[in-house]
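Below, each chain spelled out in residue letters.
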Amino acid sequence: MCDSSLLAVDSLWELFARAISLRDYNTRVVLGGTTMLGISGGLVGTFLVLRKRALAADVVSHAALPGIAVAFLLAERLAPGSGRSTSVLLFGAFASGLLGMAMTLAIRRWTRIKEDAALAIVLGLFFGLGMALFTVVQRTKTGNAAGLSNFIFGKAASMVASDVWLIGVVSVVIAMLCCGVFKEFSLLCFDEEFAAARGYRTMLLDWLLTLMAVTVTLIGLQSVGLLLVVALLLIPPTAARFWTNDLKVMSWLAAAIGGVSCAGGVVLSAAFPKLAAGAVIVLSGAGLFVVSLVFGKERGLWPKWSLQHQFEQRIGRSDLLRACYELLEPIHGSRETTQESLTKYEIDDLELLAMRQWPSGRFQKLVSSAVRERLLETNSTGGYQLTLRGAAEARDAVRRHRLWEIYLLTQTDLDPRLVDRGADGIEHVLDPQQLADLERQLDSHLPQGIPPSPHPIAGAAIN
Amino acid sequence: MNESPVVDQEAMQEPPTRMVAIDAVESASPILIEDVTVAYHRRPVLWNIDYQAPSGKLIAIVGPNGSGKTTLIKAALDLVPRAAGQVLFFGEPYGQQRHRVGYVPQRTSVDWDFPVSALDVVAMGMYRKIGWLRPVSRKYREAAKQALDRVGMVDFANRQINQLSGGQQQRVFLARALAQNANLYFMDEPFAGVDAATERAIVDILRQLRESGKTVIAVHHDLQTVHEYFDEVVLLNMRLIAAGPTADVFTPDNLRKTYGGKLALLDQLGEKMAQPRSR
C-alpha cells in the first residue's frame, strides 16, 4: 500500500521532470508551436481589443465549425481518406470563418441591427449548422476516427512538426505585419473617421485586421479548440493594459503574456496528461490576467488601493496629532509650546476622542498605529504621552492647518465658522514649497512660531 | 542621338506650365460646394447646398441640432456618401487636395481611454506624410511638439490622453490638425465643453491661422460669440438659409428662419421618402 503510493508519487514526479526539462521531442514541438501562437495572438489581439472587436473573434472561431465539417465531407466524397488532412480542414475553417465575419459586417452595414445582436445571430447560425453537420460526419465510416472533435476542444498533443512550421511561419508574418502597419492600425483603432479623412482606406485596414484575427484563430483551433481560442486573442492584451498606458509597450507585453501562458500551459499539461492542453493554456492566461488585474502598475487594483490607503493614513495621522496638540495647548496657557513641553503632559483618550468626530472604529486604529510608529507612547497610568517625534510632527501639522486657515480668512470671504473644515481638506496636500509661499504671503499676519487658532477649538471646551 | 535635345526641350518647358497650373489652383476658392444633397437611410438631411467659401476667413456654420452641420463637413470630406452634387477644394476634388485640408472632429467622437500620449495623437496628423512602414522619426516628433507648443500643451506631451481635461483634449485635437499644416481647416464644435482659458487659446489660434492666410470653417453653437469670433456665417437647417459676412447675414430675421418655425414642407417630404411603401 505504502510502497505503491510512493511509487505513484515518484512516477508523477518523474513525469513532471520530463515535461519541464523538455526531454521529449514531442513536448518541444508542441511547446514551440503554441508559444509562437500565443505571441501572435497577443499582438493581433491588442488591436482587436482596442478596435472593440473582441466578440468578432469569437464569431470567427465558431463560424469555422461548419467549414471543417463540409471540407471533410467534400474531401471524403472526392478522394476517400483525404478528409483527415489538416490543411483541407483548415481551408474549410478559413472559408467559413471569413464568411461568418463578412456576414456580421454586412448585417451591421446594411441593416439597423446593432453589432452585438448581429454577432450573436451569426454565431448561433454557424455553430448550429456546424453541430448539425457534425452528426452527419459522425455517421460516416471514417468520421469518428478523423479527430474532428479536436477542433472543438483542442488537442495540443496532436501537433506534429509540420503544424509547428505552419504556425511559426504564420506567426512571423503576422508579427511583421503588426510592426509594419503599427501606425495605421493605431490610428484606425483610435479615430477611424480621422483616418478616413486623411485618405486611408479604413475598410481595407479593417479587413486586414480581421484577416489576421481569422488566421490566428484558425491556427489556434487545433491546439486550443474553437471554444477557447478567442481567449488567446483577448486575455493577453486586456492583462497587458493593466501595466501600461503606452500602445507599443502594451502590444509587446501582450505578446509576452500570450507566449508565456501558452508555454506554461503546454508544460503543465505535459506534466499532468489528464488535463486538456487547451483548457490549461487558457487557465494559465487567466492566471496572468488575475495577477495583472490585482498588481498591474497603471490600472491594477492593488496599486490604486494602496495609494488611496497611504493617503488616508497620512491624513488620519496628522489629524490625530493635531488633536493631541490642541488638547495640550490650553494647558500651556500663554507659554510657547515646544517639542519638549508637549511630551510632558498626559493625554486622556476620552478627551482626545472628543476633539473630533472620528468615524467609528477609526480612532482606536489611529491611536494604536501611532503607538506602533512611536509617535505616542503609553505611560505607567495607562494614558498616552507624545514622543519627541510625535510632538515635532504635531507642531508641523498644526502649523500647516493654521496657516491655511489664516490664508482662507484673509484671502477669501469664507465664513470663519467654515474655515476649519475648509482647511481640513487642503492642508494635507500642501508641500513644503507651497507652505513657504503661504508664509511669504501671510507675512504681515504672522506671529512667530505656531499662530493661535483663529476660531474656538471644538472639544477643547471640556478641559 | 537625335532624341536627347527634344527631351531637354521638354524639361525646359515643363516648369513654367506647372507654375501656371498651381497658380490656377491657388486662386480657386478653398471650398466650392455645388448642389450637395445627403440622405441617411433615405431620409434627406441636407438639401441642395450651394456654397463658396472666401479665402482667409474664419467661417461659422450655425444651425439647430440635427440641421446637418456635421453632415455637411463629413459629406465634403467624403466621409458620408453624397446623394447628389460635388465639392471642390482649391478647384479639385478632395482626393487630390487632401494634404491641404485639415480636420478636427468632435472631441467626443473618440474613446479617450486609448493607450497613447498627447504627442502620439498629434503625430497622427502627419502619418500620411511619414508614409507606410516607417516609424515616427525624431523630425516628426519635433514637429508634433511644436504643434503642441502652439496650443500651449507642450508640457503635457507625454501625458496619457485620458489624464487630460476636456479642454486639453480639444487642444490636442487642434494640434493634430495644425501639425498637418493645411490651408483649410474644418473644426466640428471646437468650443464644445471647454473652459474659458481653452476657448481664448483656441480663438487666438484661429486668428493666427487667419493672419497666415488660412481658412477655417467651424461648427459653432454659441450664438453670442459669433460676431466676435467669425468673419462669415453659414446658416444651415437642412438647407442653406443664408451665407456671407457676419454683419450682413447674422440678423434676427435670418436666425428666426434658421431656428424658429419648422420647415413643414421639407419635414413632410423627408417623412414620405423615409417610408415609401407604408402608405
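K.L.:
Even after reading the chapter, I still don't get the overall build of chain B, so can you show me in this structure?
P.N.:
A count of helices and strands for chain B gives twelve helices and nine strands. Look at the contacts in chain B between residues 6 or more apart in sequence, and 69% of them connect residues 24 or more apart.

K.L.:
So what exactly am I meant to see when it comes to the packing of aromatic side chains here?
P.N.:
Aromatic ring pairs are defined here through the distance separating the ring centres and the angle between the ring planes. Summed over all chains, the structure comprises 14 aromatic pairs over all chains. Measuring from ring centre to ring centre gives 5.3 Å for Phe89(B) and Tyr94(B), while their planes differ by 50°; the resulting arrangement is tilted. In this pair, the class of Phe89(B) matches that of Tyr94(B), namely buried. Geometry around Tyr200(A) places Arg128(B) over its ring, the cationic atom sitting 4.8 Å from the centre. Sitting over the ring of Phe194(A), Arg176(B) keeps its end group 3.5 Å from the ring centre.

K.L.:
Whenever I open this one, the interface of chain A and chain B confuses me. Can you help?
P.N.:
Where interface size is given, it is often the accessible area lost as the parts come together that is meant. On the chain B side, the residues contacting the 26 residues of chain A number 34 residues. Interface area, chain A with chain B, both sides summed: about 2800 Å², of which 60% is carbon and sulfur. Among the residues of chain A in contact with chain B, Lys183(A), Phe190(A) and Arg198(A) are the three that bury the most area, contributing 29% of the side total. At the boundary of chain A with chain B, the tally comes to eleven residue pairs in polar contact (both at pLDDT 80 or more).

K.L.:
Hey, could you run me through the pairing of strand E1 (residues 32–40) of chain B in this one?
P.N.:
Side-chain direction in a regular strand flips from residue to residue, so the side chains alternate between the two faces of the sheet. Residues and elements named next belong to chain B. Examined bridge by bridge, E1 and strand E2 (residues 43–52) share six bridges and lie antiparallel to one another. Note on E2: the bridge partner recorded for Val36 is Ile49. Connecting E1 to the antiparallel partner E2 that follows it, the hairpin turn spans two residues, and His41 within it adopts a positive phi of roughly 45°. Sheet topology note: the E1/strand E4 (residues 84–88) ladder contains four bridges and is antiparallel. Opposite Leu32, over in E4, you have Leu88 as the bridge partner.

K.L.:
I would appreciate a short explanation of the side chain of Glu326(A) in the present structure.
P.N.:
Within the fold, Glu326(A) resides in helix H14 (residues 301–332). Classification of Glu326(A) as buried rests on a relative accessible area of 9%.

K.L.:
What's the story with the environment of Gly97(A) in this structure? I'm lost.
P.N.:
All names here are of chain A. When you line up the elements, Gly97 lands in helix H4 (residues 86–110). The exposure class assigned to Gly97 is buried, which follows from its relative accessible area of 0%. The sequence separation of Gly97 and Trp243 amounts to 146 residues, and the corresponding C-alpha distance is 33 Å. Among residues more than four places away in sequence, those in contact with Gly97 are Val60, Ala63 and Ala64.

K.L.:
I tried to follow the nonpolar core on my own but got confused; where do I start?
P.N.:
In a soluble, globular protein the nonpolar side chains are often hidden away together inside. In this structure, Ile31(B), Phe89(B) and Phe186(B) are the most contacted members of the largest nonpolar core, which totals 167 residues. Setting aside anything within four residues of it in sequence, one finds Ile31(B) in contact with Tyr51(B), Gln52(B), Ala53(B), Ala76(B), Val87(B), Leu88(B), Phe89(B), Leu184(B), Phe186(B) and Ile217(B).

K.L.:
Before we go on, may I ask you to explain the packing of helix H11 (residues 229–241) of chain A against helix H12 (residues 247–271) of chain A in this structure?
P.N.:
Residue and element names in this part refer to chain A. In contact at an axis separation of 8 Å, H11 and H12 are set at 125° when each is read in the N-to-C sense. One finds that H11 runs oblique with respect to H12. Here the hand of the crossing between H11 and H12 comes out right-handed. Along its contact with H11, which presents Leu232, Pro236, Pro237, Ala239, Ala240 and Arg241, the element H12 presents Met250, Leu253, Ala254, Ile257, Gly258 and Cys262. Taken together, the residues of the contact of H11 with H12 break down into ten nonpolar, one polar and one charged.

K.L.:
Help me understand the pattern of salt bridges in this model?
P.N.:
Two side chains with opposite charge may pair up if their charged atoms get near one another. Residues and elements named next belong to chain A. As enumerated under the stated definition, the model contains 22 salt bridges over all chains in all. A salt bridge links Glu115 to Arg108, with the shortest nitrogen-to-oxygen separation between them at 3.4 Å. Judged by its relative accessible area of 26%, Glu115 falls in the partly exposed class. By relative accessible area, Arg108 is classed as partly exposed at 34%. For Arg322, the salt bridge goes to Asp319, with nearest N and O atoms at 3.8 Å.

K.L.:
I'm lost on a nonpolar patch on the surface in this one. Help?
P.N.:
Residue and element names in this part refer to chain A. On the surface, Trp243, Val291, Phe295, Trp302 and Trp305 cluster together to form a nonpolar patch covering roughly 530 Å² of accessible area. Sorting the residues of the nonpolar patch by element identifies helix H13 (277–295) and H14 as the ones contributing at least two each. Topologically, Trp302 is positioned in helix H14. Given the relative accessible area of 45%, Trp302 is considered partly exposed.

K.L.:
Would you mind going over unusual backbone geometry with me for this structure?
P.N.:
Phi at Lys52(A) is positive, roughly 60°, even though this residue is not glycine. Mapped onto the secondary structure, Lys52(A) falls in the loop between helix H2 (25–50) and helix H3 (54–78). At Met238(B), a position not held by glycine, the phi torsion is positive, near 65°. Take Met238(B): it is sitting in the loop between strand E8 (232–237) and strand E9 (239–245).

K.L.:
Looking at this model, I keep getting lost on a positive patch on the surface. Mind explaining?
P.N.:
Together, Lys248(A), Arg138(B), Arg141(B) and Lys145(B) give the surface a local cluster of positive charge. Top contributing element to the positive patch by residue count: helix H6 (residues 138–150) of chain B, with three residues.

K.L.:
Sorry, what's going on with the sheet that holds strand E6 (residues 184–188) of chain B here?
P.N.:
Backbone-to-backbone hydrogen bonds pair the strands of a sheet. The strands run either parallel or antiparallel. Residues and elements named next belong to chain B. Read across the open sheet, the six strands follow the order E5-E6-E7-E3-E8-E9; overall the sheet is mixed. On the outer flanks of this sheet lie strand E5 (101–104) and E9, each paired with one strand and no other. Put simply, the sheet's adjacent strands are angled 15° from each other on average, direction ignored. As paired elements, strand E3 (residues 58–62) and strand E7 (residues 215–219) share four bridges and run parallel to each other. Residue pairing across strands places Ala60 opposite Ala218, the latter belonging to E7.

The rules behind each value
- Residues numbered from 1 in each chain as written.
- Chains lettered and ligands numbered in written order.
- Predicted model: local features only at pLDDT ≥ 70, side-chain atom pairs only at ≥ 80, totals over all residues.
- Heavy atoms only, no water.
- Helix = DSSP H or I, 4+ residues; strand = E, 2+ residues; numbered from the N terminus.
- Contact = heavy atoms within 4.5 Å.
- Phe/Tyr/Trp six-rings, centres within 6.5 Å; stacked < 30°, edge-to-face > 60°.
- Buried < 20%, exposed > 50% of the residue type's maximum accessible area, 1.4 Å probe, protein only.
- Lys NZ or Arg CZ within 6 Å of the ring centre and 35° of its normal.
- Buried area = accessible area lost by both parts, 1.4 Å probe.
- Polar contact = N/O pair within 3.5 Å; in protein donor to acceptor, adjacent residues only side chain to side chain.
- Pairing = 2+ DSSP bridges.
- Core = buried A, V, L, I, M, F, W, Y, C linked by side-chain atoms within 4.5 Å.
- Axes fitted to C-alpha atoms, helices over the stretch in contact; angles between N-to-C directions.
- Parallel < 35°, antiparallel > 145°, perpendicular 65-115°, else oblique.
- Left-handed = near helix turned anticlockwise from the far one by under 90°.
- Nonpolar A, V, L, I, M, F, W, Y, C, P; charged D, E, K, R; others polar.
- Salt bridge = Lys/Arg side-chain N within 4 Å of Asp/Glu carboxyl O.
- Patch = residues over 30% accessible without salt bridge, like charges linked within 9 Å, V, L, I, M, F, W, Y side chains within 5 Å.
- Areas by Shrake-Rupley, 256 points an atom, 1.4 Å probe, with all protein chains shown as cover.
- Lys, Arg positive; Asp, Glu negative; His and termini not counted.
- Charge placed at Lys NZ, Arg CZ, Asp CG, Glu CD.

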